[in-house]
Amino acid sequence: MNDQPFFRIDWVIDNLDVLAQATIEHIVLTLIAVIGGIAIAFPVTIFIQRRRRLIGPVLGFTGILYAIPSLALFAVLIPFTGIGLLTAEIALISYTLLILIRNGVAGLDGVDPDVLEASTGMGLSRRQRLWRVELPLATPVIMAGLRIAVVTTIGLVAVTALIGQGGLGFVIIVLGIRRQFETAIVVGVLLSILLAVLADRGLVLLERALTPWTRARTAAGPSASSEPPVAGSTLGAS
């Protein structure tokens, strides 16, 4: 029978270096997956939003990837990519695509056609209109998808401990569950939750920085326009 206390603070203090390393690894694995997902999702979103017939098939395919259980996906990938970082990141990236692409398309579709027509009338090229008008106006919806993708990935990273990665998943699964050590489980879960909360709050602040006109609208009241200046230098820089 296990007579040790449920939570051992002495173990936490003695293993701060292990917990710090696992936390850093968790952050790195998450960043690689999210950046990789954005690198794929951004051009795909722009491409299919201009070619409407492709939206259904692309979202359907990414939806299938999202629905595959992580262990099953690992089993499919391991014969080709081995056990390690590459397999973990391919799986993690695939889970971000549906969220990022779906929100990207929804954000671009939500731009007022009158605003697009006005920007075209002002002489903006298609590329200029995308960067100065469409993407800024779609930012709130895009950022909502990014927040979901980041928080989801932080949770999924733990599962990659089963193939030698995992960050805090190593603490939860290897040190905690396999050894039936409750302290490691509790600490690993709490640190994962803390990472998710901090990442989400950080992205909220980033969204506010990228959309200053929303704060101006709030300060001016509900009658104020929610549209940014179409050809403003600040908007172009963002």
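Residues numbered from 1 in each chain as written. Predicted model: local features only at pLDDT ≥ 70, side-chain atom pairs only at ≥ 80, totals over all residues. Heavy atoms only, no water.

## Description of the pattern of salt bridges
And then number 1: Taken as a whole and assessed by the stated rule, the structure comprises 6 salt bridges.
And then number 2: With a closest N to O distance of 3.0 Å, Arg 8 and Asp 10 form a salt bridge.
And then number 3: You can call Arg 8 partly exposed: its relative accessible area is 25%.
And then number 4: Judged by its relative accessible area of 35%, Asp 10 is partly exposed.
And then number 5: A salt bridge links Arg 50 to Glu 134, with the shortest nitrogen-to-oxygen separation between them at 3.1 Å. Residue Arg 50 is located in helix α2 (residues 16-50), and its partner Glu 134 is located in helix α7 (residues 126-157); the two are separated by 84 residues in the primary sequence.
And then number 6: Glu 134 gets classed as buried once you look at its relative accessible area, which sits at 2%.
And then number 7: Salt bridges sharing common partners tie together Arg 50, Arg 129 and Glu 134. (Salt bridge = Lys/Arg side-chain N within 4 Å of Asp/Glu carboxyl O. Buried < 20%, exposed > 50% of the residue type's maximum accessible area, 1.4 Å probe, protein only. Helix = DSSP H or I, 4+ residues; strand = E, 2+ residues; numbered from the N terminus.)

## Details of the side chain of Thr 160
And then number 1: Mapped onto the elements of the fold, Thr 160 is located in the loop between α7 and α8 (168-177).
And then number 2: Owing to a relative accessible area of 1%, Thr 160 belongs among the buried residues under this scheme.
And then number 3: When neighbours within four sequence positions are excluded, Thr 160 is seen to be in contact with Leu 29, Phe 74, Ala 88, Leu 92, Gln 165 and Gly 166. (Contact = heavy atoms within 4.5 Å.)

## Section: the packing of aromatic side chains
And then number 1: By the definition in use, this model includes 3 aromatic pairs.
And then number 2: Ring centres of Trp 11 and Phe 181 lie 5.1 Å apart, and the angle between their planes is 75°; on these two criteria the pair is classed as edge-to-face. Remark: Phe 181 occurs in the loop between α8 and α9 (182-210) and Trp 11 occurs in helix α1 (residues 9-14); sequence separation between them is 170 residues.
And then number 3: Centre to centre, the rings of Phe 42 and Trp 131 are 5.8 Å apart; their planes meet at 40°, and the pair counts as tilted. Placement of Phe 42 in helix α2 and of Trp 131 in helix α7 is noted, with a sequence separation of 89 residues between them.
And then number 4: A relative accessible area of 34% means that Phe 42 is categorised as partly exposed. (Phe/Tyr/Trp six-rings, centres within 6.5 Å; stacked < 30°, edge-to-face > 60°.)

## Brief notes about helix α4 (residues 70-81)
And then number 1: Every buried residue of α4 is accounted for by Ser 70, Leu 73, Phe 74 and Leu 77. The buried residues of α4 occupy one face: seen down the axis, they fall within an arc of 100°. Those residues of α4 that are exposed and angled more than 90 degrees off the buried face are Leu 71, Ala 75, Val 76 and Pro 79.
And then number 2: Note on α4: the residue one or two positions beyond its end, Gly 82, has a positive phi of about 80°. (Arc of directions from axis to C-beta.)

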